[in-house]
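Notes for the structure review
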Amino acid sequence: MSTVWPATHERADDGAMRLGGIDVRDLAREHGTPLYVVDEDDMRSRARSFARHFGEAFAAHGTTCDVYYASKALLSSRISAWMHEDGVRIDVASGGELELALRGGMPAAHITLHGNNKSDAELRRALAAGVGHIVVDSLTEVEVLSALAVEAGVVAPVLVRVTTGVHAGGHEYIATSHEDQKFGLSLASGAALGALRAVHEAQGLELRGIHTHIGSQILSIDAFRESAERMLGLRAAFAAESGVEVPEVDLGGGYAIAYTPEAEALDPSVAAREIADAVAAAVATVGGSWPTFSIEPGRAIAGPAGITLYTVGVVKHVALEGGGDRQYVAVDGGMSDNPRTIMYGAEYAAELADRESEAPPVLSRVVGKHCESGDIVVRDVHLPADTARGDLLAVAATGAYGRSMASNYNAILRPAVVAVRDGSSQVLIRRDTMEDLLGWDVAPD
Ligand SMILES: Cc1ncc(COP(=O)(O)O)c(C=O)c1O
Ligand SMILES: N[C@@H](CCCC[NH3+])C(=O)O
């Protein structure tokens, strides 16, 4: 069984859940619900653990492995500052993420910019800021970036995004290295090699290396091994024709976390050692010099460190066709703060948070308050039969891709994100207000 709750999760004597030394009832009173709560020590120790384990495992082979936090999982300027303090860099996938990372004091040289369709403005801003890497995703982008770099009088450090063809990850929408999708340049078709040539020859671009990201929620080390081998093969093929061994290889993110107690997580210390050993074997087979490496975990840093706290509203019992019934527990949020259940069929664990109950656990479904029957937060979970209006409910492992994918569907206000640590809480992202909502609207004259 995996632990799905953040490291400082505990139950007080009266049964209430506590996180970061704070009673969740106090968090709900002070900040309102729904509320994303991040266990700061947990998130930061996960970041440091990736940096240490991957650093040490690759150092054992005489090279380096930098860790970039995939900020699409959850970003605020303070999180950027945490990552910098903890020795982790950041990858961003838009101009907005870039601004937040910079605002938190992440050195531009420690930022990688991704995206399959970056705008000229985003590329110009990245060049002006002096980001450490821009990952080109198409030949069009090679041309555009080259022109913009020449215009700005700078040299852009470039990685080429490669589609290795390794199938990994869960849902189709989170797998990213099969051929038939929008990201990257295909290794199999020769497009990746062509892009390496194009970058190498382009003015204003410095070819630093190759990048791949094979998907998310990956448990199989074999998938990472296979992708590393294919990437090193591509590097060798380019070296054979050009005489240039690109110095850097970025293997992307995708380290699985456990969303439910039955699920497994990938242990970073095991992953680090096994991936480093696999890379060593591949370098030995292919020959040539060692590149430096980087990885980009997102979910594995933020996900398990966060929970969502909801207030229960309506509880209904609905008869099931085959007999029995299901308890529907409607909470004050839903698909607007967690679209992952409806998008990917994601599974979650949930518990009553304001108290523990002696009542028997019954088959339940946690639903939101949106006008949508698919508005499900937790499809199947056992909750006490006395779950009632006013109770607090906590959903585990929502630190990643919750707030960052939240929407204002049904003109709902997106919840705040607060960090808890040593008995105090700090707002990282404030809750939307009705003034925000009315402010976005252009009222009739
Ligand atoms: C390029 C890139 N790097 C890193 C990540 C992070 O993935 P995960 O959160 O699964 O580690 C993603 C998102 O899937 C990505 O697209
Ligand atoms: N947002 C996705 C993962 C990101 C995929 C990006 N390549 C999730 O919640 O699982």
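As annotated in an unreviewed UniProt entry, the protein carries the name Diaminopimelate decarboxylase and comes from Demequina activiva. As its UniProt record puts it under Catalytic activity (unreviewed entry), the protein is described as follows: "meso-2,6-diaminopimelate + H(+) = L-lysine + CO2".

Turning next to the pairing of strand β8 (residues 133-136). Residues His133 and Val135 of β8 are buried on one face, and the alternating residues Ile134 and Val136, pointing to the opposite face, are buried as well. Direction of pairing for strand β7 (residues 111-113) relative to β8: parallel, over a ladder of two bridges. Paired with Leu113 across the bridge in β8 is Ile134. In this structure, β8 lies alongside strand β9 (residues 156-163), joined through three bridges in parallel fashion. Within β9, the residue paired with Val135 across the bridge is Leu159. Handedness of the β8-helix α6 (residues 139-152)-β9 crossover: right-handed.

Our next topic: the pattern of salt bridges. Across all of its chains, the model carries 28 salt bridges by this definition. Here Arg11 ties to Glu356 by a salt bridge, and the two come within 3.8 Å at their closest N and O atoms. Taken together, the residues span a long stretch of sequence, with Arg11 in strand β1 (residues 10-11) and Glu356 in the loop between β16 (350-352) and β17 (361-367) at a distance of 345 residues. Residue classification places Arg11 among the partly exposed residues on the basis of a relative accessible area of 23%. With relative accessibility at 52%, the residue Glu356 sits in the exposed group.

Looking now at helix α4 (residues 95-103). Helical geometry: 3.6 residues make up each α-helical turn, so side chains three or four residues apart lie on a common side. If you check which residues of α4 are buried, you get Gly95, Glu97, Leu98 and Ala101. End-on, the buried residues of α4 take up no more than an arc of 160°, which puts them together on one face. Following α4 by one or two positions, Gly105 adopts a phi angle in the positive range, close to 90°.

Moving on, we come to unusual backbone geometry. Cis rather than trans, the peptide bond between Thr33 and Pro34 has omega equal to -10°. As for its position among the elements, Pro34 is in the loop between α1 (24-31) and β4 (35-39). Even without a glycine there, the phi angle at Gln217 is positive, about 55°. Note on placement: Gln217 falls in the loop between β11 (205-211) and α8 (221-242). Judged by relative accessible area, which is 22%, Gln217 ranks as partly exposed. With phi around 50°, Ala411 is a residue other than glycine that occupies positive phi space. Examined against the element boundaries, Ala411 turns out to sit in the loop between β19 (392-396) and β20 (416-421).

About the thresholds
Per chain, the residues get numbers from 1 upward, laid out in the order the sequence is written. Chains carry letters and ligands carry numbers; both start at the beginning, A for chains and 1 for ligands, and go up in the order they are written. The predicted origin of the model limits local features to residues at a pLDDT of at least 70 and limits the giving and counting of side-chain atom pairs to 80 or more, whereas totals for whole chains, interfaces and linings rest on all residues. Side-chain measures were taken over the full set of non-hydrogen atoms in the model, leaving aside hydrogen atoms and water. UniProt positions are given in the numbering used here, feature names are shortened, and annotations may be inferred rather than shown by experiment. For the exposure calls, accessible area comes from a 1.4 Å probe over protein chains only, and a residue counts as buried if that area is under 20% of its type's maximum, exposed if over 50%, partly exposed in between. Numbering of helices and strands starts at the N terminus; helices are DSSP runs of H or I of at least 4 residues and strands are runs of E of at least 2. Here, any two strands with at least 2 DSSP bridges between them count as paired. With its strands directed away from the observer, a crossover is right-handed exactly when the path from the first strand over the helix to the second travels clockwise. We count a salt bridge whenever a side-chain nitrogen from Lys or Arg sits within 4 Å of a carboxyl oxygen from Asp or Glu. Working definition: the arc comes from the directions between the helix axis and the C-beta atoms, pointing outward to the latter.

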